[in-house]
Amino acid sequence: MYDIAIIGAGPAGSTLARLLAPNYRVLLVEKRNLIEPNQAGAGNKCCGGLLAPDAQKVLGMMSLALPQEVLVGPQIFVVRTIDLQKKQERYYQRFYINLDRTKFDCWLFSLIPPSVNVRSATLCKEIRKEEGYYTLRLKFRQKYYCEQARLVIGADGAASIVRKTFFPEDPKLLVYSAVQEWFAVKKPSPYFSVFFDSELMDFYGWSIPKEESLLVGAALKPRYNTAERFKQLKAKLSAYGYPLYAAKKREGAFILRPRRATRAVADLPGVALIGEAAGWISPSSAEGFSYAFRSALTAAKCLEPGIEGFVKRYQQETAALRRNIFAKNLKLPFMYHPLLRRIIMELGIAAVEVCSDMPVT
Ligand SMILES: Cc1cc2nc3c(=O)[nH]c(=O)nc-3n(C[C@H](O)[C@H](O)[C@H](O)COP(=O)(O)OP(=O)(O)OC[C@H]3O[C@@H](n4cnc5c(N)ncnc54)[C@H](O)[C@@H]3O)c2cc1C
């Protein structure tokens with residue numbers, strides 16, 4: 001019997017596993033193969049891979065510095081913002097770090113101490129409540145087996161099985177389909193670009209340079225002709241000089257958008273969520289790394305005195321995260337209401353001028 005089972009070794013799960021005291025018996029289950037990520041079927045996480053200042057700050061607070069091998073060129077200094085309907089364009093200074101997402105996850109995973117029992121390439125298929133503990137049904141190489149734990153922490157991202165099993169559906173936790181395509185480019189673009197178009201989407205689209213590739217993506221409402229809308233977005237972007245010919249690679253993922261602070265502890269004792277599984281991701285920018293780190297850090301602190309009373313402590317200590325989600329929601333109209341956005345872009349508040357003879361993408 002384990003004390004704690006963590007489902008998912010993304011930024012949230014790996015961070016929590018790294019921070020837990022060695023006297024706990026900890027099981028970490030991850031469906032991707034993060035030990036040999038180049039193996040066929042290892043599975044990359046579909047992501048923009050930009051580390052925002054908030055996430056940089058938490059890494060610093062945890063005394064972590066990024067190793068060179070997780071960085072990917074170019075490093076970007078401005079965000080090109082385009083309102084495709086109004087044909088308005090502005091540039092804003094931003095301080096992101098451009099990452100290789102798979103290498104970033106593998107690096108965080110490599111920091112987990114040997115005291116944690118890690119099951120990579122293992123899928124958690126089912127979690128059952130028993131008398132005073134939980135049974136996990138796991139699948140590794142077509143074989144099924146079970147493990148038991150007193151406390152289950154869901155760090156399993158947007159499509160969390162822990163959330164689906166133990167939490168009621170929350171209509172304010174919106175689920176979007178994110179689509180990304182990778183295009184070959186001769187010269188890397190100097191911008192991270194974001195696109196708004198309220199006819200096609202109520203969230204946003206983006207392009208991010210990654211070495212010899214340009215990654216183009218969008219977060220779209222599922223079941224609303226996602227493929228057709230993404231096609232229309234690309235057609236509009238071609239007019240701005242984006243070289244979107246044959247995509248080298250296409251990927252997709254769910255992404256959550258919390259329209260209010262969501263619950264991270266279940267009614268049942270011994271179940272909690274961290275990271276995006278808890279609905280902790282910015283509803284305005286979809287930035288999720290800082291929330292993954294902060295919630296993992298909070299969970300680890302709340303587990304220091306023991307498992308007894310953890311759920312209550314965690315609920316209290318995550319109040320700041322919930323306030324943060326609330327505040328981000330207040331900001332939404334200034335980014336997503338077409339009229340307010342137009343006014344802000346027209347006024348050029350906080351915008352920077354770029355040389356007009358620069359490459360467009
Ligand atoms: C297209 C896209 C672009 C994004 N771009 C950015 C960005 O540039 N910057 C940023 O800060 N955020 C970005 N985000 C958000 C960010 O990826 C997430 O918020 C962040 O990864 C959350 O970390 P996490 O550890 O909570 O969840 P995840 O990173 O989703 O990790 C969950 C882990 O659980 C594993 N898992 C899931 N289910 C199971 C199961 N049943 N059994 C075993 N393992 C399981 C998964 O394989 C995964 O490794 C983006 C999201 C998307 C979809």
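Okay, so let's go over this structure. (Residues numbered from 1 in each chain as written. Predicted model: local features only at pLDDT ≥ 70, side-chain atom pairs only at ≥ 80, totals over all residues. Heavy atoms only, no water.)

**Brief notes about the side chain of S193**
Defined as follows: Helix numbers and strand numbers start at the N terminus; a helix is a DSSP run of H or I with at least 4 residues, a strand a run of E with at least 2. Throughout this description, a polar contact denotes any pair of N or O atoms lying within 3.5 Å of each other; where both atoms belong to protein, one of them has to be capable of donating a hydrogen while the other can accept it, and for residues adjacent in sequence the pair is counted only when both atoms sit in side chains.
With respect to the helices and strands, the residue S193 is situated in strand β12 (residues 191-196). A distance of 3.0 Å separates a polar atom in the side chain of S193 from a polar atom in the side chain of Y242.

**So, the packing of aromatic side chains**
Note the threshold: Any Phe, Tyr or Trp ring, taking Trp's six-membered ring, that has another such ring centre within 6.5 Å forms a pair; planes under 30 degrees apart are called stacked, those over 60 apart edge-to-face, and the others tilted. Think of it in three bands: residues with accessible area under 20% of the maximum for their type are buried, residues over 50% are exposed, and the middle band is partly exposed, with areas taken using a 1.4 Å probe on protein chains only. In this scheme, the term charge over a ring applies when either NZ of a lysine or CZ of an arginine sits within 6 Å of the ring centre and within 35 degrees of the ring normal.
Under the definition given, this model contains 15 aromatic pairs. Where Y176 meets F203, the ring centres are 5.2 Å apart and the plane angle is 55°; that geometry is what we call tilted. Placement of the pair is Y176 in strand β11 (residues 173-184) and F203 in the loop between β12 and β13 (205-210), with a sequence separation of 27 residues. Classification of F203 by relative accessible area gives buried; the value is 1%. Arranged with centres 6.2 Å apart and planes meeting at 65°, the rings of W280 and Y314 form a pair that is edge-to-face. On the criterion of sequence distance, the pair formed by W280 in the loop between β16 (271-273) and α6 (289-303) and Y314 in helix α7 (residues 310-317) is long-range, its members being 34 residues apart. Judged on exposure class, the residue W280 and its partner Y314 are both buried. Counting every residue linked through ring pairs, the aromatic cluster contains Y176, F196, F203, Y204, W206 and Y336. Looking at K129, its charged tip hangs above the ring of Y134, at a distance of 5.5 Å from the centre. Across from the ring centre of F203, 3.7 Å away, lies the NZ or CZ of R257, which sits over that ring.

**What about the packing of α6 against helix α8 (residues 319-336)?**
This is how the line gets drawn: Here an angle of 0 to 180 degrees is reported between the N-to-C directions of two axes, which are lines fitted to C-alpha atoms, with helices fitted over the stretch in contact. When an angle is under 35 degrees it counts as roughly parallel; over 145 it counts as roughly antiparallel; between 65 and 115 it counts as roughly perpendicular; any other value is oblique. Working rule for contacts: check all heavy atoms of both residues, and any pair within 4.5 Å makes them a contact. Three residue categories are used. Nonpolar comprises Ala, Val, Leu, Ile, Met, Phe, Trp, Tyr, Cys and Pro, charged comprises Asp, Glu, Lys and Arg, and polar comprises the others, including Gly.
Their axes nearest at 11 Å, the elements α6 and α8 cross at an angle of 160°. The orientation of α6 with respect to α8, classified from their angle, is roughly antiparallel. For the pair formed by α6 and α8, the contact residues are Y291, R294 and S295 on the first element and A320, L321, N324, I325 and K328 on the second. In the contact of α6 with α8, the residues fall into 4 nonpolar, 2 polar and 2 charged.

**Remarks on unusual backbone geometry**
A cis amide bond links G73 to the next residue, P74, at an omega of -10°. Structurally, the position occupied by P74 is in the loop between α2 (53-61) and β4 (78-83). Phi at A121 is positive, roughly 55°, even though this residue is not glycine. With respect to the helices, strands and loops of the structure, A121 is situated in the loop between β7 (116-119) and β8 (122-129). For A121, a relative accessible area of 28% gives the class partly exposed.

**Points about the site of the ligand**
Stated formally: Each residue is tested against the molecule or strand, and it is near if at least one of its non-hydrogen atoms lies within 4 Å. For accessible areas, the Shrake-Rupley method is used with a probe of radius 1.4 Å. Any residue's cover is judged against the shown protein chains and nothing else.
With respect to spatial proximity, 38 residues lie near the ligand, and among them E30, R32, L50, R101 and E276 are the closest. Residue R101 places a side-chain N or O atom 2.8 Å away from an oxygen atom belonging to the ligand. Computed on the free molecule, the ligand has an accessible area of 990 Å², of which 94% lies beneath the protein chains in the complex. The set of elements that each furnish at least two residues to the shell around the ligand consists of α1 (11-19), β8, β11, β15 (249-258) and α6.

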